[in-house]
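Below are the chains, spelled out letter by letter.
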Amino acid sequence: MLTAVLGLCLSYAGAQTDALDKIKNEGLKQSKVMDFAFHLTDVSGPRLTNSPGFFRAANWAKDKLTEMGLSNVALEPWGDFGVGWEQNRCYLAVTSPYYFPVVAIPRAWTGSTPGKKAISSDVIVINAKDSAELYANYGGKVKGKIVMLYSADTLKPSFTPDGARFTEEELEKMANAKPDTSRRTLIGRGRAGFGVLRQLPDFYKNEKPALVLSMSRSGNDGTLFVQNGGSYAKDAENNYAYVMLSSDDYLRIQRLVMSEQKLNMEADVKTTFYPSDIKGYNVVAEIPGTDPALKDELVMLGGHLDSWQGATGATDNAAGCSVMMEVIRIIKATGLQPKRTIRIALWSGEEQGLLGSRAYVKNHFADPADMVLKPEHAKVSAYYNLDNGTGKIRGIYLQGNAAAGPIFTKWLEPFAALGAKTVTINNTGGTDHQAFDAVGIPGFQFIQDEIEYDTRTHHTNMDTYDHLVPEDLAQAATIVASFVYNTAQLDTKIPRKELPKARPAQGRSF
Ligand SMILES: [Zn+2]
């Protein structure tokens, strides 16, 4: 390190190197990122938007940011979201032909099993090719019972590792890429006909089973992927209990029932809805800029605070929020005086369609439906997002903004030894930077190693603190702190792409 010599140098380059060394020292050697993560995961619990756990985390973050000396700290309402919800009890077990406990999690915004005690019932497997068959064969037969839809799936052993980092070849390919479209594919499943699937919610509402079992989309080995099963809309009917089982348990129960073994289950599922305040809230806070000419301009950073309910949303996205709070801590601890104002935002409603960030952008900057620009639109230099799990940063997606490429390439140079060097013209989707990009404000998501994101943690019952990689998060916080600080100090704002045209059709639904 050249700190001692260059720290005394008054040149711009010298000051930048000094700042970088301070950031690296604080971020890599004094990291507190796991303290933030502990409070957001273990202490707060699941953070489904508008649930008690979400507000535990949001209020803790607000208090912490206030304690760190930030200004304008608030839980800022962004508009109507819907009702909160949480699980209070979830007990499922097979009691006959012999006892075994079942791995299950209630689907979000679904109801409770009837009565105060556990129900006891045989299990009915619904196997119908169309709605006529559904009503003919099962109408009047499922009231008060536990039901499950027939699954033709079988589990296959996996010969690939759960966790992975990008290889040099993969990074090289990204660096040389032309703009891409999407990166995720869903595995097709052998299930009942689509017509039957669409009929089922009404069938269950009319026929009143005590509990509906469903099978996790692609998890096995006890990992289950679970999102919602009901609606967060204010007056939605979410009356039946609806839980997600691990595929291992689901298929075992199905086999026993279909072989006409006498199978009996006990279940006690209790959930609570919170309809009193349907507004959604983001946590926001600022480090005020110090340069008289630039302090009204903004550098923004964020991640989403909300999670699903199956675990504590550690990699999705306590990781991103902890890193962004650590970025703020690093900048404050180093005593650096950013020229532009730095604003952190921890979003809600991300899992329901980037709702918190899109509404925030609409309230502050522009509505993509009409593209009438508000004054603050011109003041944002860039928004940086982290929401691809616990993996360290390997580079950055330019989101098609070629002019930002040379700037970011230079800013990554000091981090090559930490594995971050790739700048790709590619877009990446599914995270809150898209809300900014949609109105022509430079919004970026970093390239992160996937680790176990798609195999074990993303929207699963395994997304817990222990699946976080501390050294990866410390690396990420250090790099984001450097990007945020550099953006705050740059002579100009980050170059913008051509302003998008108004898209009236997308005003509500994206
Ligand atoms: Zn997610």
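For the structure, see preceding data.
Residues numbered from 1 in each chain as written. Predicted model: local features only at pLDDT ≥ 70, side-chain atom pairs only at ≥ 80, totals over all residues. Heavy atoms only, no water.

Enquirer: Help me out: how do you make sense of the coordination of the zinc ion in this one?
Expert: Bound to the zinc ion are the protein donor atoms Asp316 (OD), Glu351 (OE), Glu351 (OE) and His459 (NE2), situated 1.9 to 2.5 Å from the metal. Note that the zinc ion binds 4 donor atoms; their angles at the metal cover 56 to 143°, and the shape is irregular. All donors to the zinc ion come from one chain, and their sequence spacing reads D-x34-E-x107-H. Highlighted residues: Asp316 in helix α9 (residues 314–334) and His459 in the loop between α13 (453–457) and α14 (470–489), separated in sequence by 143 residues. Here Asp316 and His459 have matching classes, each one buried. (Donors = N, O, S within 2.8 Å, 3.2 Å for Na, K, Ca; no water. Tetrahedral: all angles 85-135°; square planar, octahedral: opposite > 155°, others 65-115°. Helix = DSSP H or I, 4+ residues; strand = E, 2+ residues; numbered from the N terminus. Buried < 20%, exposed > 50% of the residue type's maximum accessible area, 1.4 Å probe, protein only.)

Enquirer: Where do I start with the pattern of salt bridges in this structure?
Expert: Side-chain pairing between opposite charges can occur once the charged atoms of the two side chains come close. Scanning the entire structure with this criterion turns up 21 salt bridges. The closest approach of N and O atoms between Lys279 and Asp277, which form a salt bridge, is 3.8 Å. Of the residues examined, Lys279 reaches a relative accessible area of 34% and is grouped as partly exposed. A network of salt bridges, in which partner residues are shared, links Arg165, Arg394, Asp449 and Asp472. (Salt bridge = Lys/Arg side-chain N within 4 Å of Asp/Glu carboxyl O.)

Enquirer: Would you explain the pairing of strand β9 (residues 264–274) in this entry?
Expert: Successive side chains on a regular strand alternate, one facing one side of the sheet and the next facing the other. Relative to β9, strand β2 (residues 84–96) is paired through 11 bridges, and the arrangement is antiparallel. Within β9, the position partnered with Ala93 by the bridge is Glu266. Pairing analysis gives 4 bridges linking strand β5 (residues 119–126) to β9, with the strands arranged antiparallel. Bridge pairing in β9 links Ile119 to Ala267. (Pairing = 2+ DSSP bridges.)

Enquirer: Would you take a moment to explain empty space enclosed by the protein for this structure?
Expert: Empty space left among the atoms is revealed by rolling a probe the size of a water molecule over them. Counted by the stated rule, this structure contains 3 cavities of 30 Å³ or more. When its volume is computed, the largest cavity comes out at roughly 60 Å³. Taken together, Ser307, Trp308, Gln309, Gly310, Ala311, Gly313, Asp316, Glu351, His459, Thr460 and Asp463 make up the full set of residues lining the largest cavity. Class assignment of the residues belonging to the lining of the largest cavity gives a composition of 2 nonpolar, 6 polar and 3 charged. (1 Å grid on protein atoms, 1.4 Å probe; cavity = no way out; pocket = protein on both sides within 12 Å on 5 of 7 lines; lining within 4 Å. Points joined across faces, edges and corners; volume = space filled by probe spheres on them. Nonpolar A, V, L, I, M, F, W, Y, C, P; charged D, E, K, R; others polar.)

Enquirer: Is there a simple way to think about the sheet that holds strand β16 (residues 443–448) in this case?
Expert: Strand pairing in a sheet relies on backbone hydrogen bonds. The paired strands run either parallel or antiparallel. Taken together, 8 strands build an open sheet; the order of strands is β1-β10-β12-β11-β13-β16-β14-β15 and the sheet is mixed. The strands lining the two open edges of the sheet, one partner per strand, are β1 (71–80) and β15 (422–424). Adjacent strand axes in the sheet meet at a mean angle of 25°, parallel and antiparallel pairs treated alike. In this sheet, strand β12 (residues 341–347) lies alongside strand β10 (residues 279–287) in antiparallel orientation, the contact comprising 5 bridges. Its bridge partner lying in β12, Val283 is registered against Leu346. (Axes fitted to C-alpha atoms, helices over the stretch in contact; angles between N-to-C directions.)

Enquirer: Explain the side chain of Gln254 here, please?
Expert: Looking at the secondary structure, you find Gln254 in helix α8 (residues 247–258). Within polar-contact distance, the side chain of Gln254 engages the backbone oxygen of Ser151 at 2.8 Å. Excluding its chain neighbours within four sequence positions, the residues that come into contact with Gln254 are Val125, Met148, Leu149, Tyr150 and Ser151. (Polar contact = N/O pair within 3.5 Å; in protein donor to acceptor, adjacent residues only side chain to side chain. Contact = heavy atoms within 4.5 Å.)

Enquirer: Is there a simple way to explain unusual backbone geometry in this structure?
Expert: Note: most peptide bonds trans; most residues except glycine with negative phi. A cis amide bond links Ser96 to the next residue, Pro97, at an omega of 15°. Tracing the backbone through its elements, the reader meets Pro97 in the loop between β2 and β3 (100–101). In this structure, Asn317 follows Asp316 across a cis peptide bond, with omega equal to 5°. Within the secondary structure, Asn317 is located in helix α9. Positive phi is not limited to glycine here, since Asn50 has a value of about 70°. You will see that His459, though not glycine, has its phi angle at about 70°, which is positive. We classify His459 as buried; its relative accessible area is 11%.

Enquirer: Honestly, the nonpolar core in this entry has me stumped. Any pointers?
Expert: For soluble globular proteins, the rule of thumb is that nonpolar side chains tend to be buried together. Judged by nonpolar contacts, the single largest core of 70 residues is most densely connected at Leu65, Val323, Val327, Ile344, Tyr384, Phe408 and Ile494. In terms of residue count, the dominant contributor to this core is α9 (11 residues). Apart from residues lying up to four places away in sequence, Leu65 is in contact with Leu70, Val73, Val283, Ala285, Met325, Ile328 and Ile344. (Core = buried A, V, L, I, M, F, W, Y, C linked by side-chain atoms within 4.5 Å.)

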